[in-house]
Each structure stands twice: as structure tokens, then as C-alpha cells.
Amino acid sequence: MFRSLVFGAALLCMSASAAASDIELPTGGPFVPTPQSVVDQMLLLAAVNQRDFVIDLGSGDGRIVLTAAQKHRARGMGVDIDERLVEFSNARARRLGLDGLVWFRQQDVLETRISEATVLTLYLLPEMMRALHQRIYSELKPGARVVSHDFQFDGWLPDRSLTVDLEEKYHIDGKWKSSVHLWIVPAKVGGAWHVVAGEAGNKPFTIVLRQQFQLIKGSIRGGEQAIEGRLEGNLIHLELPAVKGRRGAAVEYRGTVDGDRMQGRVVLNGKTVSWTATRAASVAAQ
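The residue numbers shown here count from 1 along each chain, following its written sequence. Confidence filtering applies because this is a predicted model: local features only for residues at pLDDT of at least 70, side-chain atom pairs given and counted only at 80 or more, and all residues used for totals across whole chains, interfaces and linings. Each side-chain value is derived from all of the structure's non-hydrogen atoms; neither hydrogens nor water enter the calculation.

**A few points about the pattern of salt bridges**
For clarity, the threshold we go by: In what follows, salt bridge is the name for a side-chain nitrogen of Lys or Arg lying within 4 Å of a carboxyl oxygen of Asp or Glu. Helix and strand definitions here come from DSSP, where helices need a minimum of 4 consecutive H or I residues and strands a minimum of 2 consecutive E residues; each element is numbered from the N-terminal end. Throughout this description, buried means an accessible area under 20% of the type-specific maximum (1.4 Å probe, protein chains only), exposed means over 50%, and partly exposed covers the range between.
Under the criterion given, the structure shown has 14 salt bridges. The partner of R145 in a salt bridge is D52, and the shortest N-O contact between them spans 2.7 Å. Of this pair, R145 sits in strand β7 (residues 145-149) while D52 sits in the loop between α3 (36-45) and β3 (53-57), placing them 93 residues apart in sequence. Taking the relative accessible area as the measure of exposure, D52 reaches 4% and is therefore buried.

Here you go:
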């Protein structure tokens, strides 16, 4: 959930009665819940299911984690700095019979261990997004989903986004919109890779990849041919200049990443064949 000392002009327009109904944090900043329709869309966009462990940073009244458990049977944990909100959320989980699936903890979100999350949910101001950015990218496993209400990461483009129409936001009636953004944590593939495509006797070649989150650029070693690519979790799609095949044709290598190994399928000379790649650990990315 979302809290701040300054919410801008929209919150200054709140009526006195609406403002008084907020739960005030010890800092004086209001607690503003994510609208339930946005919660539902966040969980749908992240494709939450019963195999997931959802962590909500800044969990407020617990509705994201509780909805994930109620509607999708996912396990979850909410973290909030406000002890009263944590107590309220744990009590609500007990009343709903969900305390075997979810729990809430009083803790600073910047100190929370997130590595076990398969889904991470956020409604945090830009400065908090910046503070968590590198940890989220580095600590979550490839394929983990990160879904945020309204706010994005600097330089890390969402894999998917959608807009939710609202009739009320920040306790103000009217025509409002909320944005929901999804990131799928990509495997780490920067560096040099030795590739073999087709029959085992084929001559290997080396590609050097540079990674900017889910986007990939690179080249074939020893040439100027450019490589373009994209990651979605452990799934990789690379477009390479033809090493074998029609001159000038781009060849699509599709596959999966598993640590220091990649494998998949590619069409060469009209025939679908396997390809594998092994990381060359001693060769730095260019």
C-alpha cells in the first residue's frame, strides 16, 4: 500500500471527513489503500496461482495478500512499518480462515528479505522504487513477477502494462485511472557464449551479449554482425545474422536459460534443429 508525507495537489483536495477516516501513520502520513478493482487486476496481470508466494511491500490493510489467498489460493506475506496495520491484517486473516496461508510482519520494506517471492507487489513512491530497484532485479529468481500500482522503475521498462478505470481514488469521486505495471525478472545472460547449432559436428561460434534488464544486444565474435534479443524470465529470443543459411537473413534462436547453459530450437536452411550455448566465464562482456 501507499503512504507518503506529500501526495500532491490531489490529496490536498480531500474533504475533511475523508481525511479524518484515514489511518494515520506515526509519521503523520496517511494510509491510502489500493482500490479493490486495481488489486484484482494486479493479481490477474501477474497470473497469481496456488504455487505462488506473494510478498507485498507496504501491505497496509493486507488486501493484496488476502485477496491472493482468497481468490488464487496463493501463500503470502505482507510487510508494513505500522504495527496497527500489521495487527489488523493478521486479525483479518484469522477471521477469514487464511492464517495458514498468509501472515503479516512489522518491518521496514527496505530491510525485508524478498528472495523467496515468486510475486512481489508494490504501491510505493518513486524514491522507494529507486531504493528497491537493484535488489529486486538482483535477488529475485528469474521468472519472478513484480507488479506495481502506478509507479515504475527508472530505466527498467515494464513487460506489460494496463490501465484501470476508477470512479474514486484518494477518497475523491470522479473519473480516475490507475496504471498497473508488470515486470518478469529476466535471467542474467551478459557475457560471451559458445554456441553450437544443428549437428554435433558443426563448428561452434561465439556470441557476446550485453543486457539491459530484459533487452539484449550483442554481436558475433570476429564480425560486425549485430544481435538483438529479449528475455522473459528464463525464456530467450535472439535474432542473429545468418551463420549458416541464406545470406543476410536473420535467424531466430528461441530457447531457455539455465544458469551457464542455454538451449532451444532454430530453423536453419529450412530445417528445425537444436542449439546449445555454454557461458564462457573467462571472457568478459563487451
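Now that the structure has been shown, the text picks up again.
**Comments concerning the side chain of D82**
Basically, it comes down to this: The term polar contact refers here to a pair of N or O atoms within 3.5 Å; inside protein, the definition further demands a hydrogen-donor-capable atom paired with an acceptor-capable atom, and it admits residues adjacent in sequence only when both atoms are side-chain atoms.
Tracing the chain through its elements places D82 in the loop between β4 (75-80) and α5 (83-95). Polar contacts involving the side chain of D82 include one to the main-chain amide nitrogen of R84, which spans 2.8 Å.

**Observations concerning the nonpolar core**
Here is the rule we go by: Only buried residues count toward a nonpolar core, which is a set of Ala, Val, Leu, Ile, Met, Phe, Trp, Tyr and Cys residues joined through side-chain atoms within 4.5 Å. Two residues form a contact once any of their heavy atoms are found within 4.5 Å.
Of all hydrophobic cores here, the largest spans 26 residues; its most connected members are L57, L120, L122, I136, L140 and V146. Leave out the neighbours within four places in its chain, and I136 touches I114, L120, L122, V146, F153, W156 and V185. Core analysis: the next-biggest nonpolar cluster, separate from the first, contains 24 residues, I220, L231, Y253 and V266 among them.

**Notes on unusual backbone geometry**
Phi is positive for R73, close to 60°, though the residue is something other than glycine. Judged by relative accessible area, which is 45%, R73 ranks as partly exposed. A positive phi is found at F213, a non-glycine position, where the angle reads about 60°. Tracing the chain through its elements places F213 in the loop between β11 (205-212) and β12 (215-220).

**Let's talk about the environment of G198**
With respect to the helices and strands, G198 occurs in the loop between β10 (191-197) and β11. Its relative accessible area of 28% is what places G198 among the partly exposed residues. Placed 75 residues apart in sequence, G198 and V273 show a C-alpha to C-alpha distance of 5.1 Å. Each residue touching G198, except ones within four places of it in the same chain, is listed here: V273 and S274.

**Some details on the sheet that holds strand β13 (residues 226-232)**
The cut-off we apply is this: In short, DSSP must find at least two bridges between two strands for them to pair. In this analysis an axis means a line fitted to C-alpha atoms, helices contributing only their contacting stretch, and an angle means the value between N-to-C directions, from 0 to 180 degrees.
Taken in spatial order, the eight strands close into a barrel running β10-β11-β12-β13-β14-β15-β16-β17, and their pairing is antiparallel. When strand polarity is set aside, the average angle formed by the axes of neighbouring strands in this sheet is 30°. Alignment of strand β14 (residues 235-241) against strand β15 (residues 250-258), held across seven bridges, turns out to be antiparallel. Bridging across to β15, E239 finds its partner in E252.

**Some details on the confidence of the model for the chain**
Threshold: One number per residue, pLDDT, summarises how confident the predictor is, and it ranges from 0 to 100.
Per-residue confidence for the chain averages 85 on the pLDDT scale, and 81% of its residues sit at or above 70. In the predicted structure, residues 3-29 sits below a pLDDT of 50 and forms 46 contacts with residues beyond four places in sequence or in another chain.

**Details of α3**
Note the cut-off: The arc in question is traced by the directions running from the helix axis to the C-beta atoms.
Buried within α3 are the following residues: V38, V39, M42, L43 and L45. Seen end-on, α3 carries its buried residues on one side only, within an arc spanning 165°. Trailing α3 by a residue or two, A47 shows a phi angle of about 55°, which is positive.

**Here we look at the packing of aromatic side chains**
The condition is simple: Classification of ring pairs uses Phe, Tyr and Trp, with its six-membered ring standing for Trp, and accepts pairs whose centres are within 6.5 Å; under 30 degrees between planes counts as stacked, over 60 as edge-to-face, and the remaining range as tilted. Ring-over charges, as used throughout, are those where CZ of Arg or NZ of Lys falls within 6 Å of the ring centre and within 35 degrees of the ring normal.
Inspection of every chain in the model, using the stated rule, returns nine aromatic pairs. Among the aromatic residues, ring-to-ring pairing joins Y137, F153, W156, W183 and F213 into one connected group. Seen from the ring of Y137, K188 lies directly overhead, with NZ or CZ sitting 4.4 Å from the centre.

**Details of the pairing of β12**
Relative to β12, β11 is paired through six bridges, and the arrangement is antiparallel. Bridged to L209 within β12 is G218. From the end of β11 to the start of β12, which pair antiparallel, there are two residues, and F213 there has a positive phi angle of about 60°. Pairing of β12 with β13, which is carried by five bridges, proceeds in the antiparallel orientation. Looking across to β13, one finds that L215 is bridged to R230.

**So, the packing of α3 against helix α4 (residues 63-72)**
To be explicit about the condition: When an angle is under 35 degrees it counts as roughly parallel; over 145 it counts as roughly antiparallel; between 65 and 115 it counts as roughly perpendicular; any other value is oblique. We call a crossing left-handed when the near helix sits turned anticlockwise from the far one by less than a right angle, and right-handed when that turn is clockwise. In this count, Pro and Cys sit with the nonpolar residues alongside Ala, Val, Leu, Ile, Met, Phe, Trp and Tyr, while Asp, Glu, Lys and Arg are called charged and the others, Gly among them, polar.
In the contact formed by α3 and α4, the axes pass within 10 Å of each other and the chain directions differ by 60°. One finds that α3 runs oblique with respect to α4. Here α3 and α4 pass one another in a crossing that is right-handed. Between α3 and α4, the contacting residues are Q36, V39, D40, M42, L43 and L44 on the first element and R63, I64, T67, A68, K71 and H72 on the second. Within the contact of α3 with α4, the residues separate by chemical class into six nonpolar, three polar and three charged.

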